[in-house]
Amino acid sequence: MTTIRAYIVLTAILAGFAHHAIAQKNDHGRAVAGKYNGTTFVELLQATLPMQVELQRVRDDSVIVKITDFELPNGQVFNFTSGRLSVKPETRQGKRVYRLHIAFAYTYNNMPLRVQVNATVSGQELEGEVKAVIMESMETKATYKGKKIT
């Protein structure tokens, strides 16, 4: 009887480890979460600026994006926190990469803006492109490249 109980406990433990390993393999949020240091080139300003982007895991398939204390050349400081973003895995050239997409609208200095962001995390690198339409008439973009630091 003790042997049967030990066998049942051992089976339950091994099944738990297997489930945990499968869950971590599909934990796309954890795979991309971290802080990325890099630079962004802002087309409208014709300037390359340092910027840190943080991806915080919310669930196994989603993250939020945080940008804190991004300083523009005129001294203005920009902070941004997204809503929950879905992390989509795909395979490119035999390598797993993760895609992020966000679109939102807001008003900045009494100007309406529509923003669309597409980013890709490949290994320890984050690359993204931001397209913004200002006052429904002027379009600009910014690109970002960063390396994971945590």
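Residues numbered from 1 in each chain as written. Predicted model: local features only at pLDDT ≥ 70, side-chain atom pairs only at ≥ 80, totals over all residues. Heavy atoms only, no water.

The next point concerns the overall build of the protein chain. Per the secondary structure count, the protein chain includes 2 helices and 10 strands. The N-to-C order of helical and strand elements in the protein chain reads α-α-β-β-β-β-β-β-β-β-β-β. The buried share of the protein chain, taken over its 150 residues, is 30%. Taking as baseline every contact in the protein chain between residues at least 6 positions apart, the subset at least 24 positions apart corresponds to 36%. A total of about 10,000 Å² of accessible surface is found on the protein chain, and carbon and sulfur atoms cover 55% of it. (Helix = DSSP H or I, 4+ residues; strand = E, 2+ residues; numbered from the N terminus. Buried < 20%, exposed > 50% of the residue type's maximum accessible area, 1.4 Å probe, protein only. Contact = heavy atoms within 4.5 Å. Areas by Shrake-Rupley, 256 points an atom, 1.4 Å probe, with all protein chains shown as cover.)

All told, the structure shown has 3 aromatic pairs when counted by the stated rule. Measuring from centroid to centroid gives 5.0 Å for phenylalanine 80 and phenylalanine 104, while their planes differ by 20°, and the two rings are stacked. With phenylalanine 80 in strand β4 (residues 77-81) and phenylalanine 104 in strand β7 (residues 95-108), the pair connects residues that are 24 residues apart, well separated along the chain. Overall, phenylalanine 104 belongs to the partly exposed group, its relative accessible area being 23%. (Phe/Tyr/Trp six-rings, centres within 6.5 Å; stacked < 30°, edge-to-face > 60°.)

As a further point, take the pattern of salt bridges. Counting across every chain of the model gives 8 salt bridges. Two residues, glutamate 90 and arginine 99, come together in a salt bridge whose shortest N-O distance is 2.5 Å. A relative accessible area of 24% places glutamate 90 in the partly exposed class. Through salt bridges that share partners, Asp27, Arg30 and Arg57 make up one connected network. (Salt bridge = Lys/Arg side-chain N within 4 Å of Asp/Glu carboxyl O.)

Both faces of the sheet carry side chains from a regular strand, because those side chains alternate between them. Two strands pair when backbone bridges link them, and strand β6 (residues 88-92) and β7 are joined in this way by 5 bridges, in the antiparallel orientation. Each bridged residue has a counterpart across the sheet, and for proline 89 the counterpart in β7 is tyrosine 98. The loop that links β6 with its antiparallel partner β7 comprises 2 residues; one of these, glutamine 93, has a positive phi angle of about 50°. Two elements, β7 and strand β8 (residues 111-122), share 11 bridges in a ladder whose sense is antiparallel. Each bridged residue has a counterpart across the sheet, and for isoleucine 102 the counterpart in β8 is valine 117. With antiparallel pairing between neighbouring strands as the criterion, β7 and β8 make up a hairpin whose turn holds 2 residues, including asparagine 109 at a positive phi of roughly 50°. (Pairing = 2+ DSSP bridges.)

A separate point is the side chain of histidine 28. Looking at the secondary structure, you find histidine 28 in helix α2 (residues 28-32). Judged by relative accessible area, which is 11%, histidine 28 ranks as buried. In contact with histidine 28, not counting residues within four places along its chain, are Asp60, Val87, Pro89, Arg96 and Tyr98.

Moving on, we come to a nonpolar patch on the surface. A cluster of nonpolar side chains, namely Leu44, Leu45 and Met138, defines an oily patch on the protein surface of about 260 Å² accessible area. Within the secondary structure, methionine 138 is located in strand β10 (residues 138-148). For methionine 138, a relative accessible area of 37% corresponds to the partly exposed category. (Patch = residues over 30% accessible without salt bridge, like charges linked within 9 Å, V, L, I, M, F, W, Y side chains within 5 Å.)

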